[in-house]
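Remarks on the overall topology
Letter by letter, the chains look like this.
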Amino acid sequence: MKAKTQTANQITEKQTEHISGAEAVIKCLLAEGVDLLYGYPGGAIMPIYDELYKYQDQLQHVLTRHEQGATHAAQGFARVTGKVGVAMATSGPGATNLVTGIADAQIDSTPMVCITGQVGKHLLGSDAFQETDIVGISTPVTKWNYQITEASEIPEIMAKAFYIARSGRPGPVLIDITKNAQFDTFDFEYEKCTSIRSYKAVPEVDENQLKEAAKLINVAKKPMIIFGQGVILGKAELEFKTFIEKTEIPSTCTILGLSALASKHPLNAGMVGMHGNYAPNILTNECDVLIAIGMRFDDRVTGNLATYAKQAKVIHFDIDPAEIGKNVKADVAVLGDVKETLAQILPFVNSNSHEHWMQEFKKLDAIEFDKVIKDELYPTKEGITMGEVIKEINAVTKGKAVIVSDVGQHQMFACRYAEFKQTKSNITSGGLGTMGFALPAAIGAKMGAPEREVIAIIGDGGYQMTIQELGTIFQTKAAVKIVVLNNEFLGMVRQWQQLFFDKRYASTEMVNPDFVTIAKGYHIEANRVTKREDLSKAIETMIACKDSYFLEVCVEKENNVFPMIPTGASVSDMRLS
Amino acid sequence: MNTEMKLYTISIYTENNIGLLNRVSSIFLKRHLNIESLTTSQSEIEHVNRFVIVSEMTEFQAEKVAKQLEKQIEVIRAYYHTDEETIYQETALYKVASDSLFEQRQVQNIIKESHANIVTVSREFFVIEKTGRRHETEQLYKDLKPYKLMQFVRSGRISVTKEPMNISEMLAAF
Ligand SMILES: Cc1ncc(C[n+]2csc(CCOP(=O)(O)OP(=O)(O)O)c2C)c(N)n1
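Throughout what follows, the structure given in this document is the object of discussion. Not measured: the values here are computed from a predicted model.

As for the overall build of chain A
- The number of helices and strands found in chain A is 24 helices and 20 strands.
- Here the C-alpha radius of gyration of chain A, 24 Å, is about what a compact globule of 577 residues would show, namely 25 Å.
- The principal-axis extents of the C-alpha atoms in chain A amount to approximately 70 × 60 × 45 Å.
- Each of the 577 residues in chain A was classed as buried or not, and the buried ones make up 62%.
- In chain A, the share of contacts with a sequence separation of at least 24, taken over all contacts with a separation of at least 6, comes to 76%.
- Summing over all exposed atoms, chain A offers an accessible surface of approximately 22000 Å²; the carbon and sulfur share of this is 52%.
- Charge-centre separation for chain A: the mean point of 58 positive side chains lies 5 Å from the mean point of 69 negative side chains.

Right under this line is the structure:
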């Protein structure tokens, strides 16, 4: 560990060395504090892999089984650590295989740097073997991208890449490096990037905005907060908690805001959105002041915009000016880093209490418990429910695990019922809804937080989209716990077919392989549960296992996720059944 | 906010980098907005480029497009303006067969009345240039059409605002 920091320091203390572009890439990564990356080799990136071989004691490269897996692993790593995740691939198909993960990182604001090899400069535009215009392809889904064609560009561009990926509203950056630039030598010198003249990472805080916001907050009778991932990305969990505790405002989160505030905090009013909790959705249309903090009013959160929170004054805290007024008009915008704005607004807001208003939440919570949660967590029917699996996991992990969920019904159950005590504990593909995300993301999360229990919750459909990453788990011994909730359906799509397409189950029924045997084929310990009485024991065994572990739970086939806001409906028209 | 469809001139000050055009146009593509015209050139500041894009949209959309443009790393500033707020011009070139110039007196009158310039004359053809608003270059096109118009081309709009835009100062503030 010591050797590593020393190298980084040496590099930052400007000194020149005559080295190849490929070696320069490695030195840039080390200077940026990277000690782990994910990727897959191929012709156009071989010079860099050759250097990775030489530097393997300082920089660990994890070979995933598909480049998509590399991006999701880098995302999982980034989401659990707050650091920049790094993924690497060759040109052509290697590069195009990164695109889904890049798009996912873009919409979920995940800091990531992707490095792709490219054909030599003299071949660009000639339709050379494995040439693809990855800069063109990735433009709409990257925060920034750039093609390096000269070795001497590497230090400055790499420094910019990391600065852009991690600063302001984070996001993915792709750097495409032609093969000649990897081979050529030059005088290497590294300087970290701290500003770019055309890019303002963080808007300055305007005290007037803070005062305007505080004025509204202080007179509000029925205020409500919706917080998003901005609180986590801004490392503002403490400032947020202090703010809500002083003002005593019921606080509800988006799917990506989950775990920024402990689930059991008395002011935590649950999750908003299509399958969120009943009270915060209904009361969105009754609150008098709606305070959005680091969230972006996604359509899955707002439902029909024409009937969304029309009665409320809206205060929007965000780091990204383009989010203000994008979907919901803000009466007061508080621009800036939430870590600063939430701390600075504190002296302007009054200590308060909203007893009566809080009771409204409690009343609706009771209805949701009665109509939905009770049957989900304490089922009386024979089949195992997804909710009770999550409840059993909570019981064993005591809310301390990192829950990585895939996309579908199981994701909604995981997000609705998992208990979180600690921030950065919920990793899921929110904005893009990428099936296949969870297994590789869990690998990255486990490597980023080896001391934490990392549990992937995946459907039988999504599991098979990146199932090959079991090979990565086996090879790296990443002690990931994998729970597949098998309903033998593409459940979420089946639910919509049942509710909105008269039960025409077009291509949603799955005939599955023997998942336990497959896991065992990768030498991963595995078990299957089909009966309720075996469930808690099986989860205990899984958690007790020091190594990776696979658990398949055969659940009720045609259960639905409720409550639900049908597409296009108003948040206050949320259905309980 | 106004939801009436209108022509907006989007002016973008940017760094001069390869690929930026792709990034800029993808913001229009993503919103299914048709670009009526697009011009890029250097600006009044060294190494700073300027895009002038004309597109029909609502003010609501124009505001969002400008914000999304400004969010791009290499975009320094983006503005949107209505026609009333800008001074703008387009240039058109008309290539007409030479015989019509000599044989049809009418053509010479058209040129004179339209305040167009003759750029070049050769044995086969001559080239006329006209700078002005869209309806003016359009009118000349219609007038010349019957007289063996061999080629016609019109540039994108270039425009400056009526209000001062102190980009140099804004740049310094970054
Ligand atoms: C890559 C990708 N393809 C398709 C979809 C559409 N989709 C959303 S949920 C879902 C079903 C997921 O099924 P499964 O993984 O079995 O989970 P379940 O809903 O049954 O829990 C599908 C197909 C998607 N989100 N991502």
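Things to note about the pattern of salt bridges
- This structure, assessed with the given rule, holds 35 salt bridges over all chains.
- One salt bridge connects Asp83 of chain B with Arg157 of chain B, and the closest N-O pair in it is separated by 2.8 Å. Here Asp83 of chain B is found in the loop between β4 (75-81) and β5 (86-97), whereas its partner Arg157 of chain B is found in the loop between β8 (149-154) and β9 (158-161), with 74 residues between them in sequence.
- Given the relative accessible area of 21%, Asp83 of chain B is considered partly exposed.
- When salt bridges with common partners are traced through the structure, they connect Arg169, Asp320, Glu323 and Lys326 of chain A together with Lys71 of chain B into a single cluster.

A closer look at the sheet that holds strand β12 (residues 289-293) of chain A
All names here are of chain A.
- Read across the sheet, six strands follow the order β11-β10-β9-β12-β13-β14 without closing on themselves; strand pairing throughout is parallel. The open sheet is flanked by β11 (268-271) and β14 (332-335), the only strands paired with a single partner. Taking the axes of each pair of neighbouring strands and ignoring which way they run, one obtains an average angle of 20° across the sheet.
- As paired elements, strand β10 (residues 251-253) and β11 share two bridges and run parallel to each other. Across the sheet, Ser251 pairs through a bridge with Asn268, a residue of β11.

A few points about the packing of helix α2 (residues 21-31) of chain A against helix α3 (residues 46-54) of chain A
Residue and element names in this part refer to chain A.
- Running from amino to carboxyl end, α2 crosses α3 at an angle of 55°, the nearest separation of the two axes being 8 Å. Taken as axis vectors, α2 and α3 run oblique relative to one another. Of the two possible hands of crossing, α2 and α3 adopt the one that is right-handed. Along its contact with α2, which presents Ala22, Glu23, Val25 and Ile26, the element α3 presents Pro47, Ile48, Glu51 and Leu52.
- For the contact of α2 with α3, the class distribution of residues is six nonpolar, no polar and two charged.

So, a negative patch on the surface
All names here are of chain A.
- A cluster of acidic side chains, namely Glu382, Glu509, Glu556 and Glu558, defines a negative patch on the protein surface.
- Position of Glu509 relative to the elements: it lies in the loop between α22 (491-500) and α23 (515-521).
- We classify Glu509 as exposed; its relative accessible area is 59%.

Things to note about the site of the ligand
Residue and element names in this part refer to chain A.
- Around the ligand, the structure places 18 residues, and the nearest of them are Gln409, His410, Gly433, Gly462 and Gly491.
- A distance of 2.8 Å separates a nitrogen atom of the ligand from a polar backbone atom of Gly433.
- Protein chains shield 76% of the accessible area of the ligand, which is 580 Å² for the free molecule.
- For the shell around the ligand, the elements supplying multiple residues, two or more each, are α18 (409-417), α20 (460-463) and α22.
- The class makeup of the residues in the shell around the ligand is eight nonpolar, nine polar and one charged.

A closer look at the interface of chain B and chain A
- The interface of chain B with chain A comprises 19 residues on the first partner and 21 residues on the second.
- Taken over both partners, the interface formed by chain B and chain A buries close to 1700 Å², and the fraction arising from carbon and sulfur atoms is 48%.
- As a salt-bridge pair, Asp320 of chain A and Lys71 of chain B come within 2.7 Å of each other at their nearest N and O atoms.
- Linking chain B with chain A are ten residue pairs in polar contact (both at pLDDT 80 or more), by the criterion used here.
- Elements with a contribution of two residues or more to the side of chain B that touches chain A: α1 (20-30), α2 (59-71), β4 and α6 (167-173) of chain B.
- It is α2 of chain B that provides the largest number of residues to the side of chain B that touches chain A, a total of five residues.
- Within the side of chain B that touches chain A, the residues separate by chemical class into eight nonpolar, five polar and six charged.

Thoughts on the nonpolar core
Residue and element names in this part refer to chain A.
- Counting residues in hydrophobic clusters, the biggest one holds 96 residues, and the most contacted among them are Leu290, Ile293, Ile315 and Val389.
- Counting residues per element, this core draws most heavily on helix α16 (residues 355-377), which supplies seven residues.
- Both domains that meet at this core, namely domain 2 (207-360) and domain 3 (378-554), each give it at least three residues.
- In this structure, Ile315 is in contact with Ala213, Leu216, Ile217, Val289, Leu290, Ile291, Ala292, Val332 and Val334, ignoring residues within four places of it in sequence.
- In this structure, Ala70, Ala74, Ala103 and Ala105 belong to the second largest nonpolar core, which totals 49 residues.

What counts, and where the lines are drawn
- Numbering of residues starts from 1 in each chain and follows the order in which that chain's sequence is written.
- Here every chain gets a letter starting at A, and every ligand a number starting at 1, in the order they are written.
- The predicted origin of the model limits local features to residues at a pLDDT of at least 70 and limits the giving and counting of side-chain atom pairs to 80 or more, whereas totals for whole chains, interfaces and linings rest on all residues.
- Values shown for side chains rest on all heavy atoms present in the structure; no hydrogens or waters enter the calculation.
- Each helix is a run of DSSP H or I of at least 4 residues and each strand a run of E of at least 2, with the numbering of both proceeding from the N terminus.
- For the radius of gyration, the atoms used are the C-alpha atoms, and the globule rule reads 2.2 Å times the number of residues raised to 0.38.
- The classification of residues rests on relative accessible area computed with a 1.4 Å probe and restricted to protein chains. Under 20% of the type maximum is buried, over 50% is exposed, and intermediate values are partly exposed.
- Every residue pair with non-hydrogen atoms within 4.5 Å of one another is taken to be in contact.
- Note on areas: these come from Shrake-Rupley sampling with a 1.4 Å probe, and a residue is covered only by the protein chains present in the view.
- Neither His nor the chain termini are counted; the positive set is Lys and Arg, and the negative set is Asp and Glu.
- Here the site of a charge means atom NZ of a Lys, CZ of an Arg, CG of an Asp or CD of a Glu.
- Salt bridges are identified by distance alone: a Lys or Arg side-chain nitrogen within 4 Å of an Asp or Glu carboxyl oxygen.
- What makes two strands pair is DSSP finding at least two bridges between them.
- Helix axes are fitted to C-alpha atoms over the stretch in contact, other axes to C-alpha atoms as well, and angles between N-to-C directions run from 0 to 180 degrees.
- For classification purposes, angles smaller than 35 degrees are called roughly parallel, those larger than 145 roughly antiparallel, those between 65 and 115 roughly perpendicular, and all remaining angles oblique.
- If you view the pair so one helix is near and one far, a crossing is left-handed when the near helix is turned anticlockwise from the far one by less than a right angle, and right-handed when it is turned clockwise.
- Gly counts as polar in this scheme, as do all residues outside two lists: the nonpolar Ala, Val, Leu, Ile, Met, Phe, Trp, Tyr, Cys and Pro, and the charged Asp, Glu, Lys and Arg.
- Exposure above 30% relative accessible area and the lack of any salt bridge qualify a residue for a patch; like charges then connect within 9 Å, and the nonpolar side chains Val, Leu, Ile, Met, Phe, Trp and Tyr within 5 Å.
- Only heavy atoms are used to decide nearness, and a residue is near a molecule or strand if one of them lies within 4 Å of it.
- Nitrogen and oxygen atoms within 3.5 Å of one another constitute a polar contact, given that in protein one can donate a hydrogen and the other can accept it, and given that sequence-neighbouring residues count only through two side-chain atoms.
- Two parts lose some accessible area (1.4 Å probe) when they are put together, and adding that loss for both gives the buried area.
- Put simply, buried Ala, Val, Leu, Ile, Met, Phe, Trp, Tyr and Cys residues joined by side-chain atoms within 4.5 Å make one nonpolar core.
- Residue ranges for the domains trace back to a domain assignment, done automatically or taken from a database.

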